[in-house]
Amino acid sequence: MFSAREIADLSQEFETRTPQEIIAWAVASFWPDVALSSSFQTQSLPLLHMASRIRADLPILFLDTGYHFWETLMFREELAQKWNLNVVDLYRDSRWDVFVRQRVRSLPMEDPNLCCFIHKVMPMQKAMQGVKAWISGIRRDQTFERAGAQILELQKDGLVKINPLLNWSRQDVQTYMKEHDLPKHPLFEKGYRSVGCAPCTVAVGMDDDDRAGRWAGRGKTECGLHTKLFEKNLTEARPDFVLQSALNGETK
Ligand code: SF4
């Protein structure tokens, strides 16, 4: 639909556009083949709020890893009802059930890259096969990898990734939340400024980076959804092949 050149030019043009303008463009250009992903943490609220007002039935993809805090699941339910969101839960492929059940407590600690690959990357890759555009809430100020992202990114399978909040700062998020009186994730006030799965998230201090509590002290900063790993499609691969790839370090 769009050439690589057009995507690059539009991405440059969008550097000075508001997130709402970018979301509206995404919906107008790709509907109904567009979806937004959200982890339903406090930082996710502005994007969810904007998108729900631009297109109320926009599919909101939520990765139900089975490792979430109860508070996250309750917050997701509460918001979905209050804002009438079209939330679509994504789960791991059932071919992994036996493997995961046998090591359900140890896997996140022993091999978080494989765990994220099974519970986040592969389900999202599968969901992306059904759309042409993916709206994500990443910001350049969050991680080293995200600092190099573009507002529009054409992936090698033709999927257009759209990052409307890329230029926003933590302060922009707080300002928007205050202006619109948005609720906070129940764990936010307890120091969980970025909330992922329970085994991989700890509370942080006021002076710490927002994401310092994610995989803290384990040398991991990304789950793989927003790195080059995402373009490595092993969705249909057999579990033993993925395991072998993991052993070879390919899920990092
Ligand atoms: S964040 Fe932790 S528990 Fe969640 S999928 Fe990744 S490794 Fe597994």
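Everything below is about the structure printed above this text.
The structure contained in this document is the topic of the report that follows. Worth saying up front: this structure is predicted, and the values here are computed from it rather than measured.

Section: the nonpolar core
So, point 1. Grouped together as the largest cluster of nonpolar side chains are 41 residues, with contacts concentrated most on L85, I135 and I162.
So, point 2. If you tally residues by element for this core, the top one is helix 2 (residues 19-30), at six residues.
So, point 3. If sequence neighbours within four positions are ignored, I135 has contacts with I23, A26, V34, A35, L36, S37, L47, L58, I162 and P164.
So, point 4. L61, F117, V131 and L229 belong to the second largest nonpolar core, which has 28 residues in total.

Details of the side chain of R214
So, point 1. Assignment of secondary structure puts R214 in the loop between helix 9 (170-179) and helix 10 (239-247).
So, point 2. The side chain of R214 sits in the buried core without any salt bridge; E222 is the nearest counter-charge, 7.8 Å away.

A closer look at the environment of F230
So, point 1. Tracing the chain through its elements places F230 in the loop between helix 9 and helix 10.
So, point 2. For the pair F230 and M122, spaced 108 residues apart in the sequence, the C-alpha separation amounts to 8.3 Å.
So, point 3. Ignoring sequence-local partners within four residues, the contact set of F230 consists of V121, M124, Q125, M128, W134, Q155, L159, G224 and L225.

Re unusual backbone geometry
So, point 1. For the peptide bond that leads from W31 to P32, omega is 5 degrees, which places it in the cis range.
So, point 2. With respect to the helices, strands and loops of the structure, P32 is situated in the loop between helix 2 and strand 1 (34-37).
So, point 3. Positioned with a positive phi, F40 is a non-glycine residue whose angle comes to about 55 degrees.
So, point 4. Along the chain, the position of F40 falls in the loop between strand 1 and helix 3 (45-54).
So, point 5. The exposure class assigned to F40 is buried, which follows from its relative accessible area of 0%.
So, point 6. One non-glycine residue, W215, lies in positive phi territory at about 50 degrees.
So, point 7. Along the chain, the position of W215 falls in the loop between helix 9 and helix 10.
So, point 8. Here W215 falls in the buried class, since its relative accessible area comes to 3%.

With respect to the pairing of strand 2 (residues 59-63)
Two faces make up the sheet, and in a regular strand the side chains alternate between them.
So, point 1. Among the five residues in strand 2, five count as buried, and that is most of the element.
So, point 2. Here strand 2 shows a buried face lined by P59, L61 and L63 and a second buried face lined by I60 and F62.
So, point 3. The parallel pair strand 1 and strand 2, bridged by helix 3, forms a crossover whose chirality is right-handed.
So, point 4. By the bridge criterion, five bridges tie strand 2 to strand 3 (residues 86-90) in an arrangement that is parallel. Counted as the bridge partner of I60 is V87 from strand 3.
So, point 5. The parallel pair strand 2 and strand 3, bridged by helix 4 (residues 70-82), forms a crossover whose chirality is right-handed.

Considerations on helix 1 (residues 4-14)
So, point 1. Every buried residue belonging to helix 1 is among I7, L10, S11 and F14, and all of these are buried. Around the axis of helix 1, the buried residues are gathered within 105 degrees of arc, so they sit on the same side. Opposite the buried face of helix 1, by more than 90 degrees, sit the exposed residues R5 and Q12.

Overview of the pattern of salt bridges
So, point 1. For the structure on display, the rule yields 13 salt bridges.
So, point 2. In this structure, E15 engages R140 in a salt bridge whose closest nitrogen and oxygen atoms are separated by 3.0 Å. Taken together, the residues E15 in the loop between helix 1 and helix 2 and R140 in the loop between strand 4 (133-135) and helix 8 (144-147) connect sequence positions 125 residues apart.
So, point 3. According to the relative accessible area criterion, E15 is partly exposed, its value standing at 24%.
So, point 4. D57 is the partner of R55 in a salt bridge, and the nearest nitrogen-oxygen pair spans 2.7 Å.
So, point 5. Residue D57 is classed as partly exposed on the basis of its relative accessible area, which comes to 37%.
So, point 6. Through salt bridges with shared partners, one network takes in R76, E77 and D89.

Cut-offs applied
Residues numbered from 1 in each chain as written. Predicted model: local features only at pLDDT ≥ 70, side-chain atom pairs only at ≥ 80, totals over all residues. Heavy atoms only, no water. Core = buried A, V, L, I, M, F, W, Y, C linked by side-chain atoms within 4.5 Å. Buried < 20%, exposed > 50% of the residue type's maximum accessible area, 1.4 Å probe, protein only. Helix = DSSP H or I, 4+ residues; strand = E, 2+ residues; numbered from the N terminus. Contact = heavy atoms within 4.5 Å. Lys, Arg positive; Asp, Glu negative; His and termini not counted. Salt bridge = Lys/Arg side-chain N within 4 Å of Asp/Glu carboxyl O. Right-handed = clockwise from strand over helix to strand, strands pointing away. Pairing = 2+ DSSP bridges. Arc of directions from axis to C-beta.

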